[in-house]
Amino acid sequence: ADRVTLTWSGTARTDFKEYRLYRSTSHGVTTASALVATITDRERTYHDDSGLNLALNTYYYRVFVFDLAGKSSRSNEVSTPAP
């Protein structure tokens, strides 16, 4: 199985709660997409996603930052190279 390492810029929000990383096999990742990871350490700005099949699929990712009030902001969408 294949894996990818995703990295992103950390947030400076003082009311930080967590990063949530979502994945889809189609363009347009939302919070309804597959949840890959929930990261509560503000300093951890990477995740290894494994169990992928890069020969058959393109994977799309987006990181959402949630604050203590439950509000979120999202990153740009990134994707793996097309097979």
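Refer to the structure printed above.
Reference entry: report on the structure contained in this document.

Basis of the calculations
Residues numbered from 1 in each chain as written. Predicted model: local features only at pLDDT ≥ 70, side-chain atom pairs only at ≥ 80, totals over all residues. Heavy atoms only, no water. Helix = DSSP H or I, 4+ residues; strand = E, 2+ residues; numbered from the N terminus. Rg over C-alpha atoms; globule rule 2.2 N^0.38 Å. Buried < 20%, exposed > 50% of the residue type's maximum accessible area, 1.4 Å probe, protein only. Contact = heavy atoms within 4.5 Å. Areas by Shrake-Rupley, 256 points an atom, 1.4 Å probe, with all protein chains shown as cover. Lys, Arg positive; Asp, Glu negative; His and termini not counted. Charge placed at Lys NZ, Arg CZ, Asp CG, Glu CD. Core = buried A, V, L, I, M, F, W, Y, C linked by side-chain atoms within 4.5 Å. Phe/Tyr/Trp six-rings, centres within 6.5 Å; stacked < 30°, edge-to-face > 60°. Lys NZ or Arg CZ within 6 Å of the ring centre and 35° of its normal.

Okay, the overall build of the protein chain next. Helix and strand counts for the protein chain come out as zero helices and seven strands. Listing each helix as α and each strand as β along the protein chain from the N terminus yields β-β-β-β-β-β-β. Over its C-alpha atoms the protein chain spans a radius of gyration of 13 Å, differing by no more than 12% from the 12 Å that the globule rule assigns to 83 residues. Each of the three principal axes of the protein chain carries a C-alpha extent, and together these read 40 × 20 × 15 Å. A total of 83 residues make up the protein chain; the buried ones form 34% of that total. By sequence separation, contacts in the protein chain at least 24 residues apart represent 61% of the contacts at least 6 residues apart. About 5000 Å² of surface is accessible on the protein chain, with carbon and sulfur atoms providing 45% of the total. Computed over 10 positive and 9 negative side-chain charges, the separation of the two mean positions in the protein chain equals 5 Å.

With 13 residues, the main nonpolar core has Leu6, Trp8, Tyr19, Leu21 and Tyr61 as its most contacted residues. At the level of elements, β1 (2–7), β2 (16–24), β3 (34–39) and β5 (60–67) are the ones that each hand at least two residues to this core.

What follows covers the packing of aromatic side chains. Overall, the coordinates contain three aromatic pairs when judged by the stated rule. With 5.4 Å between their ring centres and 85° between their planes, Tyr22 and Phe64 make a pair best called edge-to-face. With a gap of 42 residues between them, Tyr22 in strand β2 and Phe64 in strand β5 connect regions that are remote in the sequence. By the burial criterion, Tyr22 is buried, and Phe64 matches it. Here the aromatic cluster, defined as three or more aromatic residues joined through ring pairs, consists of Trp8, Phe16 and Tyr19. Looking at Arg20, its charged tip hangs above the ring of Phe66, at a distance of 3.7 Å from the centre. The ring of Tyr46 is capped by Arg44, whose NZ or CZ atom sits 4.8 Å from the centre of that ring.

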